[in-house]
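Structural overview
What follows is the residue order along each chain.
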Amino acid sequence: MRKHLSPIADDLLCRCAETLGTSLDSLVEDFERGLKPVLDNYSRRLVEFCCSKAIEIICPTVGDRIKDGSFSRFTYDMMLAWDSPSSTNSELPSESIAKEKEDKMKPLEGNAGQMHDDIPLFYSDMMPLLVNEESSVGEDAFVWLASSIPLVADVVNARFTFETLTAPTASRLHFPAYDTFLKKMDKCIKYLEEQEKPTGIEFSEDEFILHVEGTARTQRVVRHIGATSWPGRLTLTNQSLYFETSGVMSYETALRVDLSRADVVQQVKATSTGPWGVPLFDKAITYESTELSEPLVLELPEMTSSTRRDHWLTLIKEVILLHRFISKFDIIAPVQSWELNARTILGIVRLHAARELLRISPPAPANFLIFSLYEDLPKGDYVLAELANTIKQTTSLSPCNAASMLKSLNISSPIASSVENIKQFEEETSNHSDTLTSLETTIGQVREEAMEISMAKATVEEVVDEGLSESLLILVELVSSLKNVLPWLQVVLSWERPTVTLSALVLVLAFTYNSLQVILLIDCYPICTIIIFLGSATREWIGYAIAIVLMLTVAMMFWARRNRTGERCKEIVLRSSSDKTTMDYIVSAQQSMNNLHALIKTMNITILRIWSMLIGKAPKQANAVIWVMTGVAVLLMVVPVKFVLMGVLLYCSIANSGIVKHKSNEQGNRRLKEWWESIPVVPVRTFHHICSGALQQDEILATLDIWCGCEQYTVLFARPLISDEPWWRRRLTFVFL
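Quantities reported herein were computed from a predicted structural model and do not represent experimental measurements. (Residues numbered from 1 in each chain as written. Predicted model: local features only at pLDDT ≥ 70, side-chain atom pairs only at ≥ 80, totals over all residues. Heavy atoms only, no water.)

Details of the overall build of the protein
Secondary structure assignment for the protein yields 27 helices and 13 strands. Counting over 737 residues, the protein shows a buried share of 36%. Within the protein, contacts between residues separated by at least 24 positions form 66% of all contacts whose residues are at least 6 apart in sequence. When the accessible surface of the protein is split by element, carbon and sulfur atoms take 59% of a total near 44300 Å². (Helix = DSSP H or I, 4+ residues; strand = E, 2+ residues; numbered from the N terminus. Buried < 20%, exposed > 50% of the residue type's maximum accessible area, 1.4 Å probe, protein only. Contact = heavy atoms within 4.5 Å. Areas by Shrake-Rupley, 256 points an atom, 1.4 Å probe, with all protein chains shown as cover.)

Regarding the UniProt feature "transmembrane region" (unreviewed entry) in the protein
The UniProt entry lists residues 541–560 and 624–651 under the feature "transmembrane region" (unreviewed entry), expressed in the numbering used here. Annotated as residues 624–651, this span is 93% helix and 0% strand, and its ends, taken at the C-alpha atoms, are 22 Å apart. (UniProt positions renumbered as here; feature names shortened; annotations may be inferred.)

Some remarks on the pairing of strand β2 (residues 221–225)
Buried residues dominate β2, accounting for four of its five residues. From the end of β2 to the start of strand β3 (residues 228–237), which pair antiparallel, there are two residues, and Gly226 there has a positive phi angle of about 65°. In this structure, β2 lies alongside strand β8 (residues 296–299), joined through three bridges in antiparallel fashion. Paired with Arg223 across the strands is Leu298, a residue of β8. (Pairing = 2+ DSSP bridges.)

Remarks on the packing of aromatic side chains
Per the stated rule, a full pass over the model turns up ten aromatic pairs. Arranged with centres 5.5 Å apart and planes meeting at 50°, the rings of Phe31 and Phe49 form a pair that is tilted. With a gap of 18 residues between them, Phe31 in helix α2 (residues 24–33) and Phe49 in helix α3 (residues 42–58) connect regions that are remote in the sequence. Neither residue differs from the other here; Phe31 and Phe49 are each classed as buried. Measuring from centroid to centroid gives 6.2 Å for Phe160 and Tyr374, while their planes differ by 90°, and the two rings are edge-to-face. Within this pair, whereas Phe160 is found in helix α9 (residues 158–165), its partner Tyr374 is found in helix α13 (residues 371–376), the two being separated by 214 residues in sequence. In this structure Phe160 comes out as buried when scored by relative accessible area, which is 8%. Given the relative accessible area of 2%, Tyr374 is considered buried. An aromatic cluster is present here, built from Phe31, Tyr42 and Phe49 joined pairwise through their rings. Just above the ring of Trp82 sits the side chain of Arg44; from NZ or CZ to the centre is 3.9 Å. Seen from the ring of Phe175, Arg73 lies directly overhead, with NZ or CZ sitting 4.1 Å from the centre. (Phe/Tyr/Trp six-rings, centres within 6.5 Å; stacked < 30°, edge-to-face > 60°. Lys NZ or Arg CZ within 6 Å of the ring centre and 35° of its normal.)

A look at the packing of helix α11 (residues 307–328) against helix α12 (residues 334–357)
As a packed pair, α11 and α12 sit with axes 10 Å apart at the nearest point and diverge in direction by 170°. Compared by their axis directions, α11 and α12 come out roughly antiparallel. When you trace α11 past α12, the crossing you get is right-handed. Residues Thr307, His311, Leu315, Glu318, Leu322, His323, Phe325 and Ile326 of α11 touch α12, and the partners they reach there are Ser337, Leu340, Asn341, Thr344, Ile348, Leu351, His352 and Arg355. (Axes fitted to C-alpha atoms, helices over the stretch in contact; angles between N-to-C directions. Parallel < 35°, antiparallel > 145°, perpendicular 65-115°, else oblique. Left-handed = near helix turned anticlockwise from the far one by under 90°.)

Some points on the nonpolar core
Within the largest apolar cluster, 101 residues are counted, with the highest numbers of intra-cluster contacts made by Met78, Leu151, Tyr178, Leu241, Leu259 and Ile316. It is α12 that provides the largest number of residues to this core, a total of ten residues. With 25 residues, the next largest nonpolar core counts Val156, Leu322, Phe325 and Ala450 among its residues. (Core = buried A, V, L, I, M, F, W, Y, C linked by side-chain atoms within 4.5 Å.)

Quick word on the pattern of salt bridges
Counting across every chain of the model gives 23 salt bridges. Salt-bridge contacts for Asp11 lead to Arg15; the nearest nitrogen and oxygen are separated by 4.0 Å. A residue pair is termed a helical-turn pair when its members lie 3 or 4 positions apart in one helix, as Asp11 and Arg15 do in helix α1 (residues 7–20) at four residues. Relative accessible area serves as the criterion here: at 39%, Asp11 is assigned to the partly exposed category. Under the relative-accessibility criterion, Arg15 is labelled partly exposed at 23%. The salt bridge involving Arg261 is made with Glu291; its shortest N-O contact spans 2.4 Å. Highlighted residues: Arg261 in the loop between β5 (255–258) and β6 (266–273) and Glu291 in the loop between β7 (281–289) and β8, separated in sequence by 30 residues. In this structure Glu291 comes out as partly exposed when scored by relative accessible area, which is 45%. By sharing partners, the salt bridges in this structure join Glu139, Asp140, Arg159, Glu163 and Arg447 into a single network. (Salt bridge = Lys/Arg side-chain N within 4 Å of Asp/Glu carboxyl O.)

Comments concerning helix α5 (residues 70–83)
A rise of 1.5 Å per residue sets the reference length of α5, with its 14 residues, at 20 Å; its end C-alpha atoms lie 20 Å apart and thus fit the reference within 8%. The buried fraction of α5 is high, at eleven of 14 residues. Turning to α5, its buried residues number three or more, namely Phe71, Ser72, Phe74, Thr75, Tyr76, Asp77, Met78, Met79, Leu80, Ala81 and Trp82. (Expected span 1.5 Å × (residues − 1).)

A closer look at unusual backbone geometry
One non-glycine residue, Ser171, lies in positive phi territory at about 60°. Positionally, Ser171 belongs in the loop between α9 and α10 (175–193). Despite not being glycine, Lys379 shows a phi value in the positive range, around 60°. Note that Lys379 resides in the loop between α13 and α14 (380–392). By relative accessible area, which is 43% here, Lys379 ends up partly exposed.

Some words on the side chain of Ser289
Turning to its location among the elements, Ser289 is positioned in strand β7. Under the relative-accessibility criterion, Ser289 is labelled buried at 12%. Among the polar contacts listed, one links the side chain of Ser289 to the backbone nitrogen of Glu291, at a separation of 3.2 Å. Not counting chain neighbours up to four residues away, the residues in contact with Ser289 comprise Val264, Val265 and Gln266. (Polar contact = N/O pair within 3.5 Å; in protein donor to acceptor, adjacent residues only side chain to side chain.)

Looking at a nonpolar patch on the surface
Together, Met593, Leu596, Leu599, Ile600 and Met603 line one region of the surface with nonpolar side chains, adding up to about 490 Å² of accessible area. Residue position: Met593 is located in helix α22 (residues 582–615). (Patch = residues over 30% accessible without salt bridge, like charges linked within 9 Å, V, L, I, M, F, W, Y side chains within 5 Å.)

What about the environment of Glu213?
Note on placement: Glu213 falls in strand β1 (residues 209–213). For the pair Glu213 and Leu234, spaced 21 residues apart in sequence, the C-alpha separation works out to 5.4 Å. Setting aside residues no more than four positions away along its own chain, Glu213 makes contact with Thr218, Gln219, Val221, Gly232, Arg233, Leu234, Leu300, Arg308 and Trp312. One polar contact links Glu213 to Arg308, side chain to side chain, over a distance of 2.8 Å.

Re α11
In this model, α11 (22 residues) spans 31 Å end to end at C-alpha, consistent with the 32 Å of a helix rising 1.5 Å per residue. Counting buried positions along α11 gives 16 out of 22 residues, so the element sits mostly inside the fold. Just downstream of α11 lies Asp330, where phi reads positive at about 50°.

Describing the environment of Ser398
Looking at the secondary structure, you find Ser398 in the loop between α14 and α15 (402–408). According to the relative accessible area criterion, Ser398 is buried, its value standing at 11%. Along the chain, Ser398 and Glu56 lie 342 residues apart, while their C-alpha atoms are 9.1 Å from each other.

Dropping the structure here:
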């Protein structure tokens, strides 16, 4: 069967046999001895079998092989052989190069703008490395290698990692970029191992530094405490977050924030900071926990964007989500827990390496991490559940899992591998392949749905990016169909067509008579008493009416689908041309603000007049309201509610008729308006005060008593205007009556 292998696959099998210290024929015999009777794609399965045997040998010495480039060359050839295992799908070098160029040109047709923006950024860094036109690797081969060697990528997010790494190169991975990526990972691990531990802190056995900034060689990190700022060094591990304030000659004792406590409510979010506590720059993170008396605010200054802040924010979230995952799925075994920690560490190392590789255009951090990625993706919890099942089936330390990769990279592991653990690896291989297949299926479904949602969000962003005037224009156009309803209602209410008005009135009265049966009184003293009418559908025709409306809506949707209305309606075109000048727009905006101000003042005056009647400052008007409310209450207790509502509806409909309008006068409305305007308004006086210390309630009341003097005032309310600060620093507004 070797004659059916491609040249690259045949050469790779010879190198695998040399690595294993055996002949190629004996290696093929071992494969065919365990061959199933019905097996499709013989060549690819043979390549996978030989590569898996060789990977078990080279995994313990990955660190040394990365330095001389033999590991990257060997594993890259594995991906090439997996892509073209047989001679039927292999091509001549010239044909391969031509096809590769053609594949690179295809995405430019669909999204030429984005590709032209991204390619120069990538090739400005990578052009010296891509001078040799070799064959490139596809996504499926990369994912297959990640399932065998978790150093290159994690199988859970391998497709997202590949998509990010190869976005500028038309989804094809070249060897120079692959080799540089692995060497950057090795360099990053060595750099993190050389970092000093935080001052006064002893790491646990399984604690490893993931990121450090604020040193002399890195950018500044500033901690804000109120109006003061303290520069220092920020260190993140897979267990905790440490901040050390910079001293004269050294750092002070580190502040430790434990991120591994899943039983503690923890929240980290982006925030804005600035001098003297003024939120001017959106380049900080805030960590809040029930263990801390006040939030931890850390600023990561940067000239232009907030890339540093977003990077730190994602890393801290990843560590928190890691320990939540361990606690949620009850992963107690040390082997399983450390395997998850190792996969998280490797994911963060890959992110650092990718940022160094694509320095001009930094990648999205979540694409290299597991928990941050699937926390935001739709149905990502399904993937995490499958991952938990896969981890729980791990009962030993295999030679090629994430923990073994860290050990081969000289990172100490709290779990020492033993001969028994290695022997059990072969017994778990079959179960691992089954769970891996289920995991890949779930990941594929999640990824497809994520792509659909991203496409839908892209259409939403086009509407969101519009300005206020455009958004208002779109809203008016979208609700323009309701304009036809208002004239019809006016026709019904004005008795222009008596037949239609009488029919509508009869239907409303019949509905009121048959459905309204229950009254619920809710006491909201001292503000008011709200009367809510609850409808209980006692007749089946109400349910039939709702069902008919729903079925008519469904029929309309089917009619639109059959006529392909959605295909014809690709966009909504609006005309935004206007004869107004810039000054006209400014005057119009000012008038709108004045109208809004007048509306707010009217609402305040209405509330204060109602309050005057409730507290008795307007006894004459209050007495009238008391008698009216008493009469209404007695009427509601004597007469059924449905008859009262029917009477009100009849009165309103008859009041709009032409005869009543002709005979009525405006004297009643005028008397009502005069009565309302005769109600005195409660005087309001506000003042603002910044509390300089931790004033207690008695001290505040004493201060108010001094300020108020001998005059009698009643404190209506005292509310903070800035609620995200301690209460003794808040600006308080007191309203006196």
